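Survey of secondary and tertiary structure
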Amino acid sequence: MARNKKNIPFQKKLFLSICGFFIIFVAITMSLQYYQEKSIRHNNLYSLLQEYNHHVANSLHEYLNIDSVEQPLPSTFIYNQNTPYRLTIIDINTGKVLLDNSTSDALSQSHIDRPEIQSAIKNKKTNYSIRYSETLKETYFYVAHRHNNYVIRTSIPYDKTVSNILHVDPLFRYILIAIAIMFVIALFVYSHLLGKSISNLEELAQKAKLNLPLDTTEYDDTSTLGRITKNLRENYDEIRRAREELTLQEEKLLAHIQLSREGIAIFTHDRKMIVSNNLFIQYANHITDRTLDDNLEEVFTEPALQEIIEHVTSTHDKNSNTTDTKQIQISKNGLHFIVRGIRFHDRSFEISIFDNTEREREDLVKKQLTQNIAHELKTPVSSIRGYLETLLGTPGISVDMQQQFLERSYAQSRRLSDLLNDISVLNRLDETSELYECHDINLSAIIQEAISDSVTALDNKSMHINTPGIQPHMPLRGNSSLVYSIFRNLIDNSIAYAGANTQITINCYHTDNQYYYISFADNGVGVEETHLNRLFERFYRVDKGRSRKLGGTGLGLAIVKNAVIFHGGEIMAKNAQGGGLDILFTLRKI
């Protein structure tokens, strides 16, 4: 795994940090040992000279040839020269040197300011100093002791011999340095091994975070961290396989939801949508009295669904292992729905809507299909036959009458041709839909084309078309002729049945990554609710007599439905709140 060059590897951080602390510890130990041993050596020499000072103090009358130590020292006196050290006696009051066995000359300079003299006067515990003597021009080791009004000072030359005595033995330092070197080497090896194990652990954590596959590197299981890393890797492999399996199952579930013949939506406990399919949006729009947009949570305000809503949002026994389900039936706008609510253990819930009328409608359509085709074909064929028989069986018929019969025969033949063409289109959609090729098309451009081709018929009835929500560029993967037939048949249907001076609204009221949600509505006379669920059946007519007079084949809305299904969508019809017919359908983008 690539590392940031600015990041120091863990093993190096570990080695440098512990090594740094250890070196500081060794340095402090060496310093303390050095100063302690040096202090001991100095104190030993100090004790020796101080013992001599006490001896001098106790034998002062012998050294100075006086009768009593209480007797004042004379200005001139005789001293005993059997001393191996330099002995000096100083008067505290005057600072005058009363005795100095290193010279016979009188010393007139005051010695009261000498550091060892000051320490002795103040009775400090350690009254010694190493300094250069201005009198003898040589460095001495001085030790002073106060006795009554005098300071007895003993000193020895601080020469090479004394310096060697006071010199600290470096053996301890060498041993400590050797131990430190061995420790650093051992620390380097240990930190390298530990750092390698932790780096493997870190690499495992990074790959786990990014959900990346692990390599085939074998980890050393002789160490605790190695065993931990190995166990974590095995656990991660199991979790990753489980996650992949879970993702696969999730994809299957989502695909099932989208392809299900039920409208399904899953919500969180606070009524936020997790996932839904287009059928749920379609059915919810059909059940409610308004068109739902992106805010699907508005379905919870629908009175017809309150029984289900109360069930899925109510508190239930968390210890129960059974899934709590409730089912109701709703009839709305000519359709019959089964609505099912399921609440899960984590308080999320599912609402599914199933159109129960579809199966019955399909059976009914199949039974009536043959009869309808025969009936619809019979009418124009009978008309054409009657006109031709009249022409052939009536000699001397006028030219104008012949022309009239021929024109009527031609009109019926055109109607028959349109009928056969529509049946052919429906059969191709039902049985060989793969023959229709799909291309990248612009839905907005096709809608505008259908409107433009209908301008004359719209103007004749003073009708207008509005297109809110239709954007200039709406990409769609589909068959342009089928998409055109959807909007052209819907426009023709409104022109034929909505009535004059009406308004048509084509609106894309919602869009997501997969679908366009289209509403085609007019404010015309509308359709009775009993007819709504059969509008898209083949040959079904609300007013059969009026429909035939207008020349329709009865297959326009059936073609619309099948063309919508071909494009992966669903379609349904309901009466708009303000009057008129509202047809809702979806088109899959890709």
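Residues numbered from 1 in each chain as written. Predicted model: local features only at pLDDT ≥ 70, side-chain atom pairs only at ≥ 80, totals over all residues. Heavy atoms only, no water.

1. As for the overall build of the chain
Rules: Where helices and strands are cited, they refer to DSSP runs of H or I of at least four residues and of E of at least two residues respectively, numbered from the N terminus. Only protein chains enter the accessibility calculation, which uses a 1.4 Å probe; a residue whose area is less than 20% of its type maximum is buried, one above 50% is exposed, and one in between is partly exposed. Note on contacts: a residue pair qualifies if any of its non-hydrogen atoms lie within 4.5 Å across the two residues. Residue-level accessible areas treat just the shown protein chains as cover; the underlying method is Shrake-Rupley with a 1.4 Å probe.
Along the chain, the regular secondary structure elements total 16 helices and 17 strands. In the chain, buried positions account for 41% of the 590 residues. Sequence-distant contacts in the chain: of pairs separated by 6 or more residues, those separated by 24 or more amount to 62%. Element-wise, carbon and sulfur atoms account for 53% of the exposed surface of the chain, whose accessible area totals about 33,400 Å².

2. A few points about the sheet that holds strand β4 (residues 138–147)
Rules: Paired strands, as defined in this entry, are two strands with at least two bridges between them according to DSSP. Under this scheme, a helix contributes an axis fitted over its contacting stretch, all axes are lines through C-alpha atoms, and angles between N-to-C directions fall in the 0 to 180 degree range.
Read across the open sheet, the five strands follow the order β2-β1-β5-β4-β3; overall the sheet is antiparallel. With one partner strand each, in any of the chains shown, β2 (97–100) and β3 (128–133) form the two edges of the open sheet. Taken over all neighbouring pairs, the strand axes of this sheet differ in orientation by 25 degrees on average, direction set aside. Taken together, the eight bridges between β4 and strand β5 (residues 150–157) define a ladder with antiparallel strand orientation. Following the sheet pairing, Ala144 is matched in β5 by Arg153.

3. Some thoughts on helix α13 (residues 480–497)
Applicable threshold: Helices are assigned an expected span. That span is 1.5 Å times one less than the residue count.
Taking 1.5 Å as the rise per residue, α13 with 18 residues should run 26 Å; its terminal C-alpha atoms sit 26 Å apart, in good agreement. What α13 keeps buried is the set Leu482, Val483, Tyr484, Ser485, Ile486, Phe487, Leu490, Ile491, Ser494, Ile495 and Ala496. Gly499 lies just past α13 and shows a positive phi near 105 degrees.

4. Some remarks on unusual backbone geometry
Within the chain, Ser462 stands out as a residue other than glycine whose phi angle is a positive 55 degrees. The residue Ser462 is located in the loop between α12 (455–460) and β12 (464–466) in this model. Under the relative-accessibility criterion, Ser462 is labelled partly exposed at 37%. We note that Asn501 has phi near 60 degrees; this positive angle belongs to a residue other than glycine. As for its position among the elements, Asn501 is in the loop between α13 and β14 (503–511). We classify Asn501 as exposed; its relative accessible area is 61%.

5. Overview of the nonpolar core
Filter applied, for reference: In this text, buried Ala, Val, Leu, Ile, Met, Phe, Trp, Tyr and Cys residues form a nonpolar core when linked through side-chain atoms within 4.5 Å.
One finds Leu443, Ile486, Phe487, Ile506, Ile583 and Phe585 to be the most contacted residues of the largest nonpolar core, which totals 45 residues. The element contributing the most residues to this core is α13, with eight residues. Leave out the neighbours within four places in its chain, and Leu443 touches Met474, Leu476, Val483, Phe487, Tyr516, Ile518 and Leu587. Grouped together as the second largest cluster of nonpolar side chains are 28 residues, Leu305, Tyr509, Tyr515 and Leu584 included.

6. Notes on the pattern of salt bridges
Applicable threshold: Salt bridges, as used here, are contacts in which a Lys or Arg side-chain nitrogen is within 4 Å of a carboxyl oxygen on Asp or Glu.
The tally for this structure, following the rule as stated, stands at twelve salt bridges. Close ionic contact of Arg153 with Glu116 constitutes a salt bridge, the shortest N to O distance being 2.9 Å. With Arg153 in strand β5 and Glu116 in helix α3 (residues 115–121), this pair connects stretches of sequence that are 37 residues apart. Taken as a pair, Arg153 and Glu116 share a single burial class, namely buried. Put simply, Glu116, Arg131 and Arg153 are held in one network by salt bridges that share partners.

7. Side note on the packing of helix α11 (residues 443–453) against α13
The condition is simple: We call two directions roughly parallel when the angle between them is under 35 degrees, roughly antiparallel when it is over 145, roughly perpendicular when it lies between 65 and 115, and oblique otherwise. Definitions for this section: a left-handed crossing has its near helix turned counterclockwise from the far helix by less than a right angle. A right-handed crossing has that turn clockwise. Ten residues, namely Ala, Val, Leu, Ile, Met, Phe, Trp, Tyr, Cys and Pro, are considered nonpolar, four, namely Asp, Glu, Lys and Arg, are considered charged, and the remaining ones, Gly among them, are considered polar.
One can describe the packing of α11 onto α13 by two numbers: an axis separation of 9 Å at closest approach and a directional angle of 45 degrees. Judged by the angle between their axes, α11 and α13 are oblique. In this structure, α11 crosses over α13, and the sense of that crossing is right-handed. Contacts between α11 and α13 involve Leu443, Ile446, Ile447, Glu449, Ala450, Ile451 and Asp453 on the former and, on the latter, Ser480, Val483, Tyr484, Phe487, Arg488 and Ile491. A breakdown of the residues in the contact of α11 with α13 according to their chemical character gives nine nonpolar, one polar and three charged.

8. Side note on helix α7 (residues 278–287)
Counted residue by residue, α7 has ten buried out of ten residues, so it is predominantly covered. For α7, every residue scored as buried is listed here: Asn278, Leu279, Phe280, Ile281, Gln282, Tyr283, Ala284, Asn285, His286 and Ile287.

9. Thoughts on the packing of aromatic side chains
Stated formally: Side-chain rings of Phe, Tyr and Trp, where Trp is taken by its six-membered ring, are said to pair if the distance between their centres is within 6.5 Å; with planes under 30 degrees apart they count as stacked, over 60 as edge-to-face, and otherwise as tilted.
Across all of its chains, the model carries 15 aromatic pairs by this definition. Judged by centre distance (6.4 Å) and plane angle (35 degrees), the ring pair of Phe22 and Phe25 falls under tilted. Of this pair, Phe22 and Phe25 both sit in helix α1 (residues 10–58), three residues apart, which is roughly one turn of the helix. The buried category is assigned to Phe22, whose relative accessible area is 16%. Aromatic side chains Tyr509 and Tyr517 sit 6.2 Å apart centroid to centroid with 55 degrees between the ring planes, which places their arrangement in the tilted category. Among the residues examined, Tyr509 registers a relative accessible area of 12% and is labelled buried. Here Tyr517 falls in the buried class, since its relative accessible area comes to 1%. Through a chain of ring-to-ring contacts, three or more aromatic side chains come together here, namely Phe267, Phe280, Phe300 and Phe349.

10. Let's talk about the environment of His54
Structurally, His54 can be placed in helix α1. Since its relative accessible area comes to 37%, His54 is described here as partly exposed.

By themselves, these observations are geometric and do not establish any function.
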